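Notes for the structure review
Below, each chain spelled out in residue letters.
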Amino acid sequence: MVPREILVSSKCLLFTGDFLYRRNYFMDEKLQVANALSAALPDLTVNEIEEKIERPKDSNNGDYAFPTFFLAKSLHKAPQMIASELVEKISQDGFDKVVVVGPYINFFLDKANVGAGVLQTILNDPEHYGESDLGHKANVTIDYSSPNIAKPMGMGHLRSTMIGEAIARILEKVNYNLIRVDYLGDWGTQFGKMMAAYKMWGDSQEVQDGLKSDPINTLLQLYVRINTEADEHPEYTDAGREWFAKLEHGDEEAWRLWHWFRAISLERFQRVYDMLDVKFDSFNGEAFSAQKMEEPIQLLRDKGLLKKSRGAEIVDLDKFNLPPLLIIKSNGTTTYITRDLATALFRKRMYGHAKSLYVVGAEQEVYFKQLRMALKELGFNWWNQIKHISFGLMNLNGQKMSTRKGNVVSLEDVLNDSVDLARKQIAEKNPDLKNADEVAKQVGIGAVIFHDLKNYRRNAVNFKLEDVVKFEGETGPYVQYARARAESILRKGGIRDFSNVDLTQVGDGAWELISFLSQYGEAVKRAALNYDPSVVAKYALELAKKFNQYYAHNRILNDDPQQPARLALTQAVSHVLKSALALLDVKAPDEM
RNA sequence: GAAACGGUAGCUCAACUGGAUAGAGCAUCGGUCUUCUAAACCGAGGGUUGAGGGUUCAAGUCCCUCUCGUUUCACCA
């Protein structure tokens, strides 16, 4: 067996310099536990033992535990007995203690030394703490937000936008290279309708004024109007189709209108993206892909995959137990599917991605299965790089949010409301705060974002304003506040360079906190593997909670020899909280 | 009718590969600011994890049946 350095003394750790700065202490400590056990279990390899080692839920049961159930059969003994026999053969060197509790052998790590190592790692390189290399710099395209042109962004868009942004940031943390794409819904019959509506009613003074003050909602009103009146005037629908056909055939006026609608929409979207601090690498939407549709159609034809059915051309997916994919409608026009196939081909060619993620609502699950299978049928071996990151819908009073029904809550309004509320809180709690406006934005918007990300993404959420703008309990501001307190102490503590501080002096009361700090990287990995930002959000909440508890029970600014070590701990917590919040695209004000 | 996902405290949600007494927040009741920011901390009450069966030393977690809810099932995206 290759000897691995596992029993390095703390003094060595403290002064050995750069090479260990990203060392994951707890992984190594787990190996230490496995090695200790292997002396008593000669029939098992260290790896086999390591796999069985777990982390007790209750920290009173130690830092690592080894359950002995699985040995009961082969040894023909009760697990409790096995545990007490094994522990006799285990060296306690390097541990605070090793004890038997029923069928478990519980290991308590050397708190002072391991704790010092963890703090050292964080303080040496806070920017990179928690990073790992799952991605090897591979390219990942991520398609998220993707609003429709000429419709305002509602609360529903927050989900795709923030889940997408957070996943992108998390994947970057584990060394993927992200390409963020906002696949705008800027094509289709709906634009024909919009143009037809504008041509019919757009000259009125009311509309002209509206287009100046609130263009996107004015357009929306035109769109809603033509849709509602189309029931009585079927010719409106025909006019819409006609205008879309003009657009498809390159009619000059249609294109001029299209560009104009798109520009005013993008300008408005950008305001929201700026508030949320979300930046895309590409805004190539459906219109862009619409120009690339010949290739997938030709490929499907060449492979004999296109079949006539009910006057349309489809790809039959019966053998995958899926409904057919409608490629060409009975009236000869294409669908979003054709554009998505073109998009997939383009992205693969353009970015050479290792994964291609689509952050889209759960209601499109079947559709993405179809898309993957169609690519598989076409013989593209990268079909399974396409992943649908689905999320639960946002409802309003138990009803689906729908632009057409008008039961939509404006995202921008909610963000502004939340910022206003945060501003009021600041005026009340910290009236002397200098950059109150900036902090109000960070807190208000942070609360909205955090609320959207803290639960498992597949859960459906019912929109309730009072829940979204809550600043107490399990919220973004709770985490921000914990860090602001830490920063406040650090400002008063006077030390920012901890390189000469003896970190072993931090005290046993800090162990719970330090042990949790060491788990950050694992949490980030789990979030990345499951494409689940809520793992990071829960980690941040838990860390904030542990720090708040520590804060309440330990005086950090107490003039004693341990104070520098406690400040170092405070600094480490602040770093990790800021990092976790950043992964969620939530800002961390130093003061609030 | 079929499929996918879900049902955990009054409400909103946790529980990493099956593990030790199923945990938080909100709400309710009570306690803590002349000392590091009370957006906080401490305590109390609140549970047959939808129902039933099975596998296992061990099931909220895996399998089966039933039930309720949401979503989807080719010319919207």
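Values in this document were obtained by computation on a predicted structure and should not be read as measured data.

1. Brief notes about the overall build of chain A
Looking only at helices and strands, chain A has 24 helices and 13 strands in total. Expressed along its principal axes, the backbone C-alpha trace of chain A runs to roughly 85 × 65 × 40 Å. Look at the contacts in chain A between residues 6 or more apart in sequence, and 74% of them connect residues 24 or more apart. As presented, chain A carries roughly 27,600 Å² of accessible surface, and 48% of it is formed by carbon and sulfur atoms. Mean positive and mean negative side-chain charge positions of chain A (74 and 80 charges, respectively) differ by 3 Å.

2. Comments concerning the sheet that holds strand E6 (residues 306-309)
Taking strand neighbours across the sheet as the criterion, the three strands line up as E6-E7-E8 in an open arrangement whose pairing is antiparallel. In this open sheet, the two strands that pair with only one neighbour each are E6 and strand E8 (325-328). Going from strand to strand, the sheet's axes swing by 45° on average, the running direction of each strand aside. Inspection of the sheet shows E6 paired to strand E7 (residues 312-315) by four bridges, in the antiparallel sense. Looking at the pairing, Lys307 lines up with Ile314 of E7. Here helix H14 (residues 294-302) sits on the sheet in contact with E6, E7 and E8, set at roughly 110° to E8.

3. Comments concerning helix H12 (residues 252-276)
In this model H12 runs 36 Å from its N-terminal to its C-terminal C-alpha over 25 residues, within 8% of the 36 Å that 1.5 Å per residue would give. Looking at where H12 begins, the residue whose side-chain oxygen comes 3.1 Å from the main-chain nitrogen of Glu253 is Asp251. Looking one or two places after H12, you find Asp277, whose phi comes out positive at around 60°.

4. Here's the deal with the pairing of strand E2 (residues 95-101)
Bridge analysis of E2 against strand E3 (residues 104-109) gives six bridges, and the strand direction is antiparallel. Bridge pairing in E3 links Lys97 to Phe108. What sits between the antiparallel neighbours E2 and E3 is a turn of two residues, in which Gly102 has the positive phi angle 60°.

5. Looking at the protein's contact with RNA strand B
Contacts to RNA strand B come from 60 residues, most closely from Tyr104, Lys329, Tyr336, Tyr481 and Tyr551. A distance of 2.7 Å is found between a phosphate oxygen of RNA strand B and a side-chain nitrogen or oxygen belonging to Lys429. Gly473 places a main-chain nitrogen or oxygen 3.1 Å from a phosphate oxygen of RNA strand B. Elements with a minimum of two residues in the surface near RNA strand B: E3, E7, helix H15 (336-351), helix H16 (365-377), helix H17 (411-429), helix H20 (476-493) and helix H23 (534-553). Grouping the constituent residues of the surface near RNA strand B by class yields 24 nonpolar, 13 polar and 23 charged.

6. Examining the sheet that holds E3
Strand order across the open sheet formed by three strands is E1-E3-E2, with antiparallel pairing between neighbours. Only two strands of the sheet have a single partner each, and these edge strands are strand E1 (64-67) and E2. Here the strands of the sheet are splayed against their neighbours by 15° on average, with no regard to which way each runs.

7. Structural notes on the pairing of strand E10 (residues 386-391)
Along E10, five of the six residues are buried, which leaves the element largely enclosed by surrounding structure. Bridge count between strand E9 (residues 355-361) and E10: six bridges; the pairing is parallel. When the bridges of E10 are listed, Ser356 appears paired with Ile386. Following the backbone out of E9, through H16 and into the adjacent parallel E10, one traces a crossover that is right-handed.

8. A look at helix H22 (residues 520-530)
Side chains three or four residues apart in an α-helix point the same way, a direct result of the helix having 3.6 residues per turn. All buried positions along H22 are accounted for by Tyr520, Gly521, Ala523, Val524, Ala527 and Ala528. Along the axis of H22, the buried positions cluster into a sector of 160°, meaning they face one direction only. The inward-facing, buried residues of H22 contact helix H7 (155-173), helix H21 (511-517), H23 and helix H24 (563-583). Of the residues trailing H22, Tyr531 is marked for its positive phi of about 50°.

9. Details of the pattern of salt bridges
Scanning the model with the defined rule gives 36 salt bridges in all. The partner of Lys525 in a salt bridge is Glu522, and the shortest N-O contact between them spans 3.7 Å. Within this pair, Lys525 and its partner Glu522 are both found in helix H22, separated by three residues, close to a single helical turn. It is possible to trace a salt-bridge network through shared partners that takes in Glu165, Arg169, Glu172, Arg180, Asp277, Lys279, Asp585 and Lys587.

10. Focus on the environment of Asn548
Tracing the chain through its elements places Asn548 in helix H23. In this structure, the C-alpha to C-alpha distance between Asn548 and Tyr478, residues 70 residues apart in sequence, is 9.6 Å. In terms of polar contacts, Asn548 uses its side chain to reach the side chain of Tyr478, at 3.3 Å.

11. Focus on the environment of Gln221
Its location among the elements puts Gln221 in helix H10 (residues 215-229). A C-alpha to C-alpha distance of 38 Å links Gln221 and Lys348, two positions 127 residues apart in sequence.

12. Considerations on the packing of helix H11 (residues 234-248) against H12
Look at H11 against H12: their axes get within 8 Å of each other, and the N-to-C directions meet at 95°. Between H11 and H12, the interaxial angle falls into the category roughly perpendicular. For the pair H11 and H12, contact is made by Trp243, Lys246 and Leu247 and by Glu253, Ala254, Trp255, Leu257 and Trp258, respectively. Partitioning the contact of H11 with H12 into residue classes produces six nonpolar, no polar and two charged.

13. Some thoughts on the confidence of the model for chain A
Detailed reading of the predicted coordinates is not advisable wherever pLDDT falls low. Per-residue confidence for chain A gives a mean pLDDT of 90; residues scoring 70 or more make up 94%. Scored below 50 in pLDDT, residues 1-24 makes 34 contacts in the model with residues more than four places away or belonging to other chains. Interface confidence in the predicted complex, given as ipTM, is 0.96; pTM for the same model is 0.92.

14. Brief notes about the nonpolar core
One finds Phe66, Ile105, Phe107, Leu171, Ile327, Leu517 and Leu569 to be the most contacted residues of the largest nonpolar core, which totals 187 residues. In terms of residue count, H24 provides more of this core than any other element does, eleven residues in total. Apart from residues lying up to four places away in sequence, Ile327 is in contact with Ile297, Leu300, Leu306, Glu313, Ile314, Val315, Thr333, Thr334, Thr335, Ile337, Thr338 and Leu341.

15. Things to note about the packing of H14 against H15
Packing of H14 against H15 brings their axes to within 8 Å, and their N-to-C directions diverge by 100°. Here H14 is positioned roughly perpendicular relative to H15, judged by the angle of their axes. From H14, Glu295, Pro296, Ile297, Leu299 and Leu300 reach across to H15, where they touch Thr338, Leu341, Ala342, Leu345 and Arg349. Partitioned by chemical class, the residues of the contact of H14 with H15 number seven nonpolar, one polar and two charged.

16. What about the packing of aromatic side chains?
Inspection of every chain in the model, using the stated rule, returns 23 aromatic pairs. Arranged with centres 5.5 Å apart and planes meeting at 65°, the rings of Tyr198 and Trp260 form a pair that is edge-to-face. Separated by 62 residues along the polypeptide, Tyr198 in helix H8 (residues 189-201) and Trp260 in helix H12 bring together distant segments of the chain. Assessed through its relative accessible area of 14%, Tyr198 is described here as buried. Taken together through their ring pairs, the aromatic side chains of Tyr129, Phe516, Tyr520 and Tyr539 make up a single cluster. Positioned above the aromatic ring of Phe108, the side-chain terminus of Lys97 is 4.5 Å from the ring centre.

Quick notes on the rules
- Residues numbered from 1 in each chain as written.
- Chains lettered and ligands numbered in written order.
- Predicted model: local features only at pLDDT ≥ 70, side-chain atom pairs only at ≥ 80, totals over all residues.
- Heavy atoms only, no water.
- Helix = DSSP H or I, 4+ residues; strand = E, 2+ residues; numbered from the N terminus.
- Contact = heavy atoms within 4.5 Å.
- Areas by Shrake-Rupley, 256 points an atom, 1.4 Å probe, with all protein chains shown as cover.
- Lys, Arg positive; Asp, Glu negative; His and termini not counted.
- Charge placed at Lys NZ, Arg CZ, Asp CG, Glu CD.
- Pairing = 2+ DSSP bridges.
- Axes fitted to C-alpha atoms, helices over the stretch in contact; angles between N-to-C directions.
- Expected span 1.5 Å × (residues − 1).
- Polar contact = N/O pair within 3.5 Å; in protein donor to acceptor, adjacent residues only side chain to side chain.
- Near = heavy atom within 4 Å.
- Nonpolar A, V, L, I, M, F, W, Y, C, P; charged D, E, K, R; others polar.
- Buried < 20%, exposed > 50% of the residue type's maximum accessible area, 1.4 Å probe, protein only.
- Right-handed = clockwise from strand over helix to strand, strands pointing away.
- Arc of directions from axis to C-beta.
- Salt bridge = Lys/Arg side-chain N within 4 Å of Asp/Glu carboxyl O.
- Parallel < 35°, antiparallel > 145°, perpendicular 65-115°, else oblique.
- pLDDT = per-residue confidence, 0-100.
- Core = buried A, V, L, I, M, F, W, Y, C linked by side-chain atoms within 4.5 Å.
- Phe/Tyr/Trp six-rings, centres within 6.5 Å; stacked < 30°, edge-to-face > 60°.
- Lys NZ or Arg CZ within 6 Å of the ring centre and 35° of its normal.

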